[in-house]
Amino acid sequence: ASAAALPGVIVAAVASLPLGAALGPEAPLIALGGGLALLFRHLVRAPATPQSTALLGAAGAAAAIAAIFGNPLIAAVLLIEVAGVGGPQLFVVMLPALLSSGVGAVVFTGFGRWTGLETGSLSIRFPTAPPRLDTGDVVWSVLLAVGIGALVHLLIIGGRLTAVFVAASPFVRTVVCAVAAGGCAALYAVATGRTPADVASSGQATLAGLAADPHAWGVGALVAVLLFKGAAYALCLGSLRGGLVFPALFLGAATGVLLAPLPGLGVIPGVAAGMAAASAAALRLPVSSVALVVLLLGNSETIPVVILAAVTAFATAELLPPGPPLTPRRPRGGARAA
């Protein structure tokens, strides 16, 4: 909707919806949100381009959708499909993917007399209910996301440097990196008296334990696990096979617990923002990161800080230098490096 159409949209909605029209308020409010965004552009005299019109219209519409459904995550996912991001190719890929994921889930978990297989719960449980967000939670979450985004980006660069190191002699140097990662776990256990499993493996089980009893971790243990697991994460990224997601989620959650004593920041908002920031910086997929963290947390109270942290960390990581290429450059003339 354009700014000029706003009066007509308002009059038509007021004249029809309260009088019993069998229609929902979403279309008028989406038009109102997009129109107000374009009106704001006109008031600040910003350049009017097709790109800015599409961007501001989508932003205003997203704000309206979030207000209607009471969930900003729905707004983001809905606009991806409605706006046709990716064009027709998006639906060509997504429809079979959605269908196959549904069928695969039914076969894996069972239906009818088919018992399926036992699966772990992709969720974490806090000992207390999520608090109502306040100013401190929101402000600290954004600042936390900037720092976590930068730190995770450095870990990704460390993984790239490790990959360059391993490429020169894959077998020997992969073993060296694996031993070094194991050494990180051993040093952590010696320094803290805790289990080396906190550093080893993905961190999925440790993440659940951290959320269930965050106060069981002292400041020294949290600092140590961030240092040693971060180092092991970078080493394994460039040498072994595995995923980015759960180690990043754990590092973000541990950072949130460590900084939770900051004035105005609670444990649950800190953990939520930390996980969202770390996963968005590692994956560079902010919408998917938000959806994953919301699924893990299982509550709607922390969704605003999850979104703010994911977007902030993603922007921070994108603005930083990308780091070295994954493979070493060959010298000019086509000769291989010695």
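Just above, that's the structure.
These lines cover the structure that appears in this document, whether it is placed above or below. (Residues numbered from 1 in each chain as written. Predicted model: local features only at pLDDT ≥ 70, side-chain atom pairs only at ≥ 80, totals over all residues. Heavy atoms only, no water.)

### Considerations on the overall build of the chain
Turning to step 1, where the next piece is worked out: Scanning the chain from N- to C-terminus turns up 13 helices and 0 strands.
Turning to step 2, where the next piece is worked out: For the chain, the N- to C-terminal ordering of α and β elements is α-α-α-α-α-α-α-α-α-α-α-α-α.
Turning to step 3, where the next piece is worked out: When the 338 residues of the chain are sorted by exposure, 34% land in the buried category.
Turning to step 4, where the next piece is worked out: The long-range fraction of contacts in the chain, counting pairs at least 24 apart against all pairs at least 6 apart in sequence, stands at 71%.
Turning to step 5, where the next piece is worked out: Accessible area for the chain stands at about 18500 Å²; split by element, carbon and sulfur atoms hold 72% of it. (Helix = DSSP H or I, 4+ residues; strand = E, 2+ residues; numbered from the N terminus. Buried < 20%, exposed > 50% of the residue type's maximum accessible area, 1.4 Å probe, protein only. Contact = heavy atoms within 4.5 Å. Areas by Shrake-Rupley, 256 points an atom, 1.4 Å probe, with all protein chains shown as cover.)

### Digging into unusual backbone geometry
For residues that are not glycine, phi is negative in most cases, and the peptide bond is trans in most cases.
Turning to step 1, where the next piece is worked out: Phi is positive for arginine 45, close to 60°, though the residue is something other than glycine.
Turning to step 2, where the next piece is worked out: Residue placement: arginine 45 occurs in the loop between α2 (26–43) and α3 (50–69).
Turning to step 3, where the next piece is worked out: The backbone of arginine 284 shows a phi angle near 60°, a positive value even though the residue is not glycine.

### Some thoughts on the packing of helix α11 (residues 267–283) against helix α12 (residues 286–297)
Turning to step 1, where the next piece is worked out: Where α11 contacts α12, the axes come no closer than 9 Å and their chain directions differ by 145°. Note on packing geometry: the crossing formed by α11 with α12 is right-handed. Of the residues in α12, those in contact with Ala272, Met275, Ala276, Ser279, Ala280 and Leu283 of α11 are Pro286, Ser289, Val293 and Leu297.
Turning to step 2, where the next piece is worked out: A per-class count over the contact of α11 with α12 returns 8 nonpolar, 2 polar and no charged. (Axes fitted to C-alpha atoms, helices over the stretch in contact; angles between N-to-C directions. Left-handed = near helix turned anticlockwise from the far one by under 90°. Nonpolar A, V, L, I, M, F, W, Y, C, P; charged D, E, K, R; others polar.)

### As for helix α8 (residues 204–212)
Turning to step 1, where the next piece is worked out: When α8 is considered as a whole, its buried residues turn out to be Thr206, Leu207, Leu210 and Ala211. The arc enclosing the buried residues of α8, seen along the axis, measures out at 135°, which places them on a common side.
Turning to step 2, where the next piece is worked out: Among the structural elements, α9 (219–237), α10 (245–259) and α11 are those in contact with the buried residues of α8. (Arc of directions from axis to C-beta.)

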